[in-house]
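Single-letter residue listing:
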Amino acid sequence: MTQGLTETQFHRLAAFNAAVTRATDPSAMMTLGEAAFQREFGYKLFTLLKVDRDASLMRRLYSSNTKINPVGGTKPIEAGNWTQRVLVEGLHYVGRNRSDLKSVFAEHEALFNLGCESVLNTPILSRGQVIGSINILDIENHYTEDMCPLASLYGQCLTQVFL
């Protein structure tokens, strides 16, 4: 992906953008996002979290596995390297293994039980501020920094879901 989008990737992204911008229901947009992220990157778990700075929480808008990550659930925003990187600086976080996940997820044991040992967190920005995060998790070493630019493009198509 570092060489740019292939023609096929471009057409899939354009079709996704067209479908999302025509959708009138946020749940339809989130379902489209779930399918697109599975097709482009693969995952065992897909979640969308909205930043609530007033409450110092992230609120779960969507989850591909509501048993472990129920919609409406919250996670506290705590000071740390992940928060600084993703929620303040608006940069991706790529966690490659169990050690990386342990350092950023309190619920890491539940994630390990699902076979999730790597993560790609994609910040969603609006008007220069992080308003949410798209999180995909899979087997160890599944995600790389090369995936981040395309994940950003897909993620930004979903900005309306987080507003």
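So, the sheet that holds strand E5 (residues 118–126)
What links the strands of a sheet is backbone hydrogen bonding, and the strands pair in either a parallel or an antiparallel sense.
And then number 1: Spatial strand order, E3-E2-E1-E6-E5-E4: six strands in an open sheet with antiparallel pairing. The sheet is open, and its two edges are formed by strand E3 (74–76) and strand E4 (93–95), each paired on a single side. If you compare each strand with its neighbour and ignore which way they point, the axes differ by 25° on average.
And then number 2: Across six bridges, the pairing between strand E1 (residues 45–52) and strand E6 (residues 129–138) is antiparallel. From the neighbouring strand, Leu48 faces E6, where its bridge partner is Ile134.
And then number 3: Running over the sheet, helix H6 (residues 148–157) touches E4, E5 and E6 and is turned about 50° from E5.

A closer look at the packing of aromatic side chains
And then number 1: Summed over the entire model, instances satisfying the criterion amount to seven aromatic pairs.
And then number 2: Both rings, one in Phe16 and one in Tyr154, keep their centres 5.0 Å apart while their planes meet at 45°; by these two values the pair is tilted. Separated by 138 residues along the polypeptide, Phe16 in helix H1 (residues 7–22) and Tyr154 in helix H6 bring together distant segments of the chain.
And then number 3: The buried category is assigned to Tyr154, whose relative accessible area is 0%.
And then number 4: A connected cluster of aromatic rings, assembled from ring pairs, spans Phe16, Phe37, Phe41, Tyr43, Phe46, Tyr62 and Tyr154.

Notes on H6
And then number 1: Buried residues of H6: Cys148, Leu150, Ala151, Tyr154, Gly155 and Cys157, and no others.
And then number 2: Those residues of H6 that are buried lie in contact with H1, helix H2 (26–40), E4, E5, E6 and helix H7 (159–162).

Reading guide: rules and limits
Residues numbered from 1 in each chain as written. Predicted model: local features only at pLDDT ≥ 70, side-chain atom pairs only at ≥ 80, totals over all residues. Heavy atoms only, no water. Pairing = 2+ DSSP bridges. Helix = DSSP H or I, 4+ residues; strand = E, 2+ residues; numbered from the N terminus. Axes fitted to C-alpha atoms, helices over the stretch in contact; angles between N-to-C directions. Contact = heavy atoms within 4.5 Å. Phe/Tyr/Trp six-rings, centres within 6.5 Å; stacked < 30°, edge-to-face > 60°. Buried < 20%, exposed > 50% of the residue type's maximum accessible area, 1.4 Å probe, protein only.

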